[in-house]
Amino acid sequence: MSENLPIQTDSPKPGGGPTTVAGKEISRMNAVKFGLYSTALLIKTEFYSEDAESLRMREEELRAQFCPESGVEEMCIQQILFHYQCLNR
């Protein structure tokens, strides 16, 4: 026979999240913490900034290594650069 267990009537309380402006800005960046789903090549905010110069140098290295000659090869360089940037966030 089954016992009659009490039914929980109160729901769990939500976490609440950040309440200050600074906390909300930091929390907003959680979505791009790893950068895998970001569509931006460079992310710059008040609290976080990526170095455009190092990205430019990486692009030059890729061009020197692969010497793209066609539009498709150029697109491949851009894709490599984008995914490299995302994975290094």
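What counts and what doesn't
- Residues numbered from 1 in each chain as written.
- Predicted model: local features only at pLDDT ≥ 70, side-chain atom pairs only at ≥ 80, totals over all residues.
- Heavy atoms only, no water.
- Helix = DSSP H or I, 4+ residues; strand = E, 2+ residues; numbered from the N terminus.
- Contact = heavy atoms within 4.5 Å.
- Areas by Shrake-Rupley, 256 points an atom, 1.4 Å probe, with all protein chains shown as cover.
- pLDDT = per-residue confidence, 0-100.
- Polar contact = N/O pair within 3.5 Å; in protein donor to acceptor, adjacent residues only side chain to side chain.
- Salt bridge = Lys/Arg side-chain N within 4 Å of Asp/Glu carboxyl O.
- Buried < 20%, exposed > 50% of the residue type's maximum accessible area, 1.4 Å probe, protein only.

Quick look at the overall build of the protein now. Regarding its fold elements, the protein presents three helices and zero strands. Put simply, the protein runs from its N terminus to its C terminus through helices and strands in the order α-α-α. Sequence-distant contacts in the protein: of pairs separated by 6 or more residues, those separated by 24 or more amount to 46%. As presented, the protein carries roughly 7500 Å² of accessible surface, and 58% of it is formed by carbon and sulfur atoms.

Per-residue pLDDT for the protein averages 80, and the proportion of residues at 70 or more is 73%. When the elements of the protein are averaged for pLDDT, helix H1 (residues 21-28) gives the smallest value, 81, and helix H2 (residues 52-66) the largest, 93.

This part is about the side chain of Glu 50. Following the sequence through the fold, Glu 50 ends up in the loop between H1 and H2. Within the structure, the side chain of Glu 50 is placed 3.1 Å from the side chain of Gln 85, a separation counted as a polar contact.

Our focus in this paragraph is the pattern of salt bridges. According to the stated counting rule, one finds five salt bridges in the structure shown. Between Glu 53 and Arg 56 there is a salt bridge, and its shortest N-O distance comes to 2.3 Å. You can see Glu 53 and its partner Arg 56 sitting in helix H2, three residues apart, about one turn around the helix. Overall, Arg 56 belongs to the partly exposed group, its relative accessible area being 37%.

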